[in-house]
Amino acid sequence: MTEQQRYTIDDFARFSPWPARLLGIEPWEQRRKTPEEILREYDEDKWGVMLERINQSPVPLTIADAERWDMDLPFQSFTWHDGVFQPMSFPEANAIYIRLVTDTLQACMPASAIAELGCGYGKVVLRLLTNGAFGAVPFYAAEYTQSGIDVTTKLAAAGGLPITMGWCDFNDPTLTNLAVPEGAVLYTSFATPYVPELQDAFIESLIARRPKAVVHFEPCYEHCSTTSLLGMMRRRYLEVNDYNRNLMTVLRKFRDAGKIAIEREDPAVFGSNPLLSASVVVWRPIQKEREQ
Ligand SMILES: C[S@@+](CC[C@H](N)C(=O)[O-])C[C@H]1O[C@@H](n2cnc3c(N)ncnc32)[C@H](O)[C@@H]1O
C-alpha cells in the first residue's frame, strides 16, 4: 500500500498564481469591492453569462448543467479541508463542501424553513434540495444580482425543485424581501466577503427575523493566524482583494452585548482555494423575556 502524499503550503505555488502574486513576483493590483465592480463580476459576467446560455438553450437546463460550466476546469484545486491540503477536481471539492453544509444545517433541525442569503446561481441551495436530506422543510433563497435570482429560479423550475426566491443585500438595512417564517435557519456561503465592512444593521436585521439559528460558511479575517505563513497569506489575500474583514468582530460585539449566542466557531474548515477558506460559525439570537 502506498502512503498518501502529504502536501504542504510549499506545494501551493504549483496549483495557483496566488503565492507569486502575494510575493510581488507576478503583477496584482489592489482591488476594491464597489457595488459596480460586484455587479460587473456577478450580474454581468458570471451569472449573466449563465443566464444567457439558459435563455438560449432549446431544452430546460438544470443545476448539473450549471455545475459543469462552473466547475469542469482543466486544472485541479489545491483544496484545504480540516487542516489538510489535497489536490482534487473542483467537482470533488464541491461534494465535500455540500456534505459540510448539509451536516451542519442538519444539526440545526428541526426548523420552520431553510433560507440562503446571497445564493449566487443556487450551487449550494439547489443541491440541498436535490440531496433530500431535509425532507419537507420549505426552502427559500435570496440573491443580490438579478441574473443570479433568474438563473436559480430557472434551474429550480427545470429540476422541479420547490423554492421561494427573492432579493437580498447585506448592505441594506431591510436585508431581504423574502418573507421567511420565524424559527428558520438562515445561512450564508462565501457571500459576506463581498461586503468589505459589514455594519451592525446586518446582524440586527438577521435577529429581527427571529431565526432559530444563523449559520455562516464564510472566510473570517479574524480567524487567520498572524503567526503562521498560511494565516498571514490568508490575511493578505483578503486585504488585496478587499474581501470582508470584520464578520467575527461584529458577531462578537453582539455576543458581548448579550444579543446573540455563538454556538459554534470553527476557523478555516474548507476552501477549494486555501486562501479563501470558510469558517463555520453558528449563532442564535437571545430573545429578551418580554419579547418571547
Ligand atoms: C462567491 S458567490 C457565492 C454564491 C453561493 N452562496 C455559493 O456558495 O455558491 C458570492 C455571491 O455573493 C453575492 N453578493 C455580492 N454582494 C452582496 C451583497 N451586498 N449582499 C448579498 N449578497 C451579495 C454575489 O452576487 C454572489 O452571488
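Sequence positions are assigned chain by chain, starting from 1 and proceeding in written order. For a predicted model such as this one, the threshold for reporting local features is a pLDDT of at least 70, and the threshold for listing and counting side-chain atom pairs is 80 or more; totals across whole chains, interfaces and linings nevertheless cover every residue. Hydrogens and waters are ignored; side-chain quantities use all the structure's heavy atoms.

Grouped burial of nonpolar side chains is what soluble globular proteins tend to show. Judged by nonpolar contacts, the single largest core of 66 residues is most densely connected at L105, Y121, L126, I163, Y187 and F217. In DSSP terms, a helix is any run of H or I states spanning at least four residues, a strand is any run of E spanning at least two, and both are numbered starting from the N terminus. Take this core: its biggest share by element is seven residues, from helix α4 (residues 90-106). Contacts are residue-level and defined by heavy atoms, with any inter-residue pair within 4.5 Å sufficient. Other than its neighbours up to four places away in sequence, L105 contacts I114, L128, F134, V185, Y187, V215 and F217. Note on terminology: a nonpolar core comprises buried Ala, Val, Leu, Ile, Met, Phe, Trp, Tyr and Cys residues joined through side-chain atoms within 4.5 Å. The rule is simple: take the accessible area with a 1.4 Å probe, protein chains only, and divide by the maximum for that residue type; under 20% is buried, over 50% is exposed, in between is partly exposed.

The nine strands are arranged β2-β1-β8-β9-β7-β6-β3-β4-β5 in an open sheet whose pairing can be described as mixed. Taken across any chain shown, the strands that pair with only one partner, and hence form the sheet edges, are β2 (84-88) and β5 (164-167). Going across the sheet, the axis of each strand differs from the next one's by a mean of 20°, ignoring polarity. Simply put, an axis is a line fit to the C-alpha atoms, just over the touching stretch for a helix, and the angle between two N-to-C directions goes from 0 to 180 degrees. Against the sheet, α4 contacts β1 (77-81), β2, β3 (114-117), β6 (185-189), β7 (213-218), β8 (260-271) and β9 (278-285), and its axis sits at roughly 160° relative to β7. Sitting on the sheet, helix α6 (residues 146-158) is in contact with β4 (139-143) and β5, with an inclination near 175° to β5. A pair of strands is considered paired only if DSSP assigns at least 2 bridges between the two.

Let's shift gears to the environment of R236. Summarising the element assignment, R236 is placed in helix α8 (residues 229-240). Measuring from C-alpha to C-alpha, the distance between R236 and L22 comes to 7.2 Å, with 214 residues separating the pair along the chain.

Where helix α2 (residues 35-56) contacts helix α3 (residues 63-71), the axes come no closer than 11 Å and their chain directions differ by 135°. The angle between α2 and α3 places the two elements in the oblique class. The crossing of α2 and α3 is right-handed. Listed contacts from α3 to M50, R53 and I54 of α2 are A66, W69 and D70. Each angle gets one of four labels, with under 35 degrees taken as roughly parallel, over 145 as roughly antiparallel, 65 to 115 as roughly perpendicular, and the rest as oblique. Each crossing gets its hand from how the near helix is turned against the far one by less than a right angle, where anticlockwise is left-handed and clockwise is right-handed.

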